[in-house]
Amino acid sequence: EAQVTQNPRYLITVTGKKLTVTCSQNMNHEYMSWYRQDPGLGLRQIYYSMNVEVTDKGDVPEGYKVSRKEKRNFPLILESPSPNQTSLYFCASSWGLAGGRRFYEQYFGPGTRLTVT
Amino acid sequence: SQQGEEDPQALSIQEGENATMNCSYKTSINNLQWYRQNSGRGLVHLILIRSNEREKHSGRLRVTLDTSKKSSSLLITASRAADTASYFCATGVTGGGNKLTFGTGTQLKVEL
């Protein structure tokens, strides 16, 4: 089954304790992205990756890191989480420019609800 | 920054009625997409419309795009209780690659 998986689904942590949220897709997609969703603000892009070893900042990258060492995985790293990073996080993937089109629909993971106290 | 804004923010209708949601955006786009989100879950792609298209259909969904007004509408006909969800529009811009900018969403409730 084609899917995007995220782990963990729920996480409660304390300020300053480094954490990683994993994201994996099995569709061989080039493009992957992380979003956070907050009430009244919709989804905002944190980081994205056009392909392996190619990552770039989205609209709200402060306090986050990413890496793309393999095509299928795109982990989100919070080196020193703070309470303002409490949010619902989504990973998404889609075909990239190699697919021959300029834009594609995105496939979303189930979300990770993070609480930082 | 938010590109799309949906209107209304919330909509409550009876099963069988049609639901119309609107999306306005600010800059020129090359495509606009609609997604559905069931409570707290991942978004599911519904339909994509290119900037040179004016209308698109998919089952009970009808999407229109008016680039001169920078707006789009999503019509769900003969709504069902299972359509209860939040609906988001997302826009892509030329040169933006795969980047999508999402609106704040419309919460639709379909009552029996």
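Further up the page is the structure itself.
Now for a look at the structure at hand. (Residues numbered from 1 in each chain as written. Chains lettered and ligands numbered in written order. Predicted model: local features only at pLDDT ≥ 70, side-chain atom pairs only at ≥ 80, totals over all residues. Heavy atoms only, no water.)

**Here's the deal with the overall build of chain A**
Along its length, chain A carries zero helices and 11 strands. For chain A, whose C-alpha radius of gyration is 14 Å, the value lies close to the compact-globule estimate of 13 Å for 117 residues. Expressed along its principal axes, the backbone C-alpha trace of chain A runs to roughly 45 × 30 × 30 Å. Here chain A, with 117 residues, has 50% of them falling under the buried criterion. (Helix = DSSP H or I, 4+ residues; strand = E, 2+ residues; numbered from the N terminus. Rg over C-alpha atoms; globule rule 2.2 N^0.38 Å. Buried < 20%, exposed > 50% of the residue type's maximum accessible area, 1.4 Å probe, protein only.)

**Quick notes on the overall build of chain B**
The secondary structure content of chain B amounts to zero helices and 11 strands. When the helices and strands of chain B are placed in sequence order, the string is β-β-β-β-β-β-β-β-β-β-β. The globule rule puts the C-alpha radius of gyration for 112 residues at 13 Å, and the 13 Å found for chain B is close to it. Dimensions along the principal axes, computed over C-alpha positions, put chain B at roughly 45 × 30 × 20 Å. Taking all 112 residues of chain B together, 45% fall into the buried category. Restricting the contact set of chain B to residue pairs at least 6 apart, pairs at least 24 apart contribute 55%. For chain B, the computed accessible surface area is about 5200 Å², with 45% contributed by carbon and sulfur atoms. Averaging the coordinates of the 13 positive side-chain charges in chain B and doing the same for the 10 negative ones gives two points 7 Å apart. (Contact = heavy atoms within 4.5 Å. Areas by Shrake-Rupley, 256 points an atom, 1.4 Å probe, with all protein chains shown as cover. Lys, Arg positive; Asp, Glu negative; His and termini not counted. Charge placed at Lys NZ, Arg CZ, Asp CG, Glu CD.)

**Examining the nonpolar core**
Counting 21 residues, the largest nonpolar core has Leu32(B), Trp34(B), Leu74(B), Ile76(B), Tyr87(B) and Leu108(B) as the members making the most contacts within it. Elements that contribute at least two residues to this core include exactly strand E3 (19–24), strand E4 (31–37), strand E5 (43–50), strand E7 (61–66), strand E8 (71–76), strand E9 (85–92) and strand E11 (106–111) of chain B. Those residues in contact with Leu108(B) that lie beyond four places of it in its chain are Leu11(B), Ile13(B), Ala19(B), Met21(B), Ile76(B), Asp83(B), Thr84(B), Ala85(B) and Tyr87(B). Grouped together as the second largest cluster of nonpolar side chains are 19 residues, Leu19(A), Met27(A), Tyr64(A) and Leu76(A) included. (Core = buried A, V, L, I, M, F, W, Y, C linked by side-chain atoms within 4.5 Å.)

**As for the state of the cysteines**
Residue and element names in this part refer to chain A. This model, assessed by the stated rule, comprises two disulfides over all chains. Residue pairing for Cys23: its cysteine sulfur links by disulfide to Cys91, the two sulfurs lying 1.8 Å apart. Taking the torsion about the S-S bond as the criterion, the Cys23 to Cys91 disulfide, at about -70°, is left-handed. With a gap of 68 residues between them, Cys23 in strand E3 (residues 19–25) and Cys91 in strand E9 (residues 87–94) connect regions that are remote in the sequence. (Disulfide = S-S within 2.5 Å.)

**Considerations on the sheet that holds strand E1 (residues 5–7) of chain B**
Residues and elements named next belong to chain B. Spatially, the five strands line up as an open sheet ordered E1-E3-E8-E7-E6, and their pairing is antiparallel. The sheet terminates laterally at E1 and strand E6 (55–58), the two strands that pair on one side only. Taking each pair of neighbouring strands and ignoring which way they run, the sheet shows an average axis angle of 20°. Bridge count between E7 and E8: six bridges; the pairing is antiparallel. Among the inter-strand pairings, Thr64 is bridged to a residue of E8, identified as Ser73. (Pairing = 2+ DSSP bridges. Axes fitted to C-alpha atoms, helices over the stretch in contact; angles between N-to-C directions.)

**Observations regarding the environment of Ser24(A)**
Residues and elements named next belong to chain A. Along the polypeptide, Ser24 turns up in strand E3. The spacing of Ser24 and Thr5 is 19 residues in sequence and 5.3 Å in space, taken between C-alpha atoms. Excluding residues that lie within four positions of it along the chain, Ser24 makes contacts with Gln3, Val4, Thr5, Arg72 and Asn73. Here the side chain of Ser24 touches Asn73 through a polar contact of 3.0 Å, side chain to side chain. (Polar contact = N/O pair within 3.5 Å; in protein donor to acceptor, adjacent residues only side chain to side chain.)

**Some points on the sheet that holds strand E8 (residues 76–78) of chain A**
Residues and elements named next belong to chain A. Spatially, four strands are ordered E1-E3-E8-E7 in an open sheet, and the strand pairing comes out antiparallel. Strand pairing shows two members of the sheet lacking a second neighbour, strand E1 (4–7) and strand E7 (65–66), which therefore form its edges. Pairing between E7 and E8: two bridges, direction antiparallel. Its bridge partner lying in E8, Val66 is registered against Leu76.

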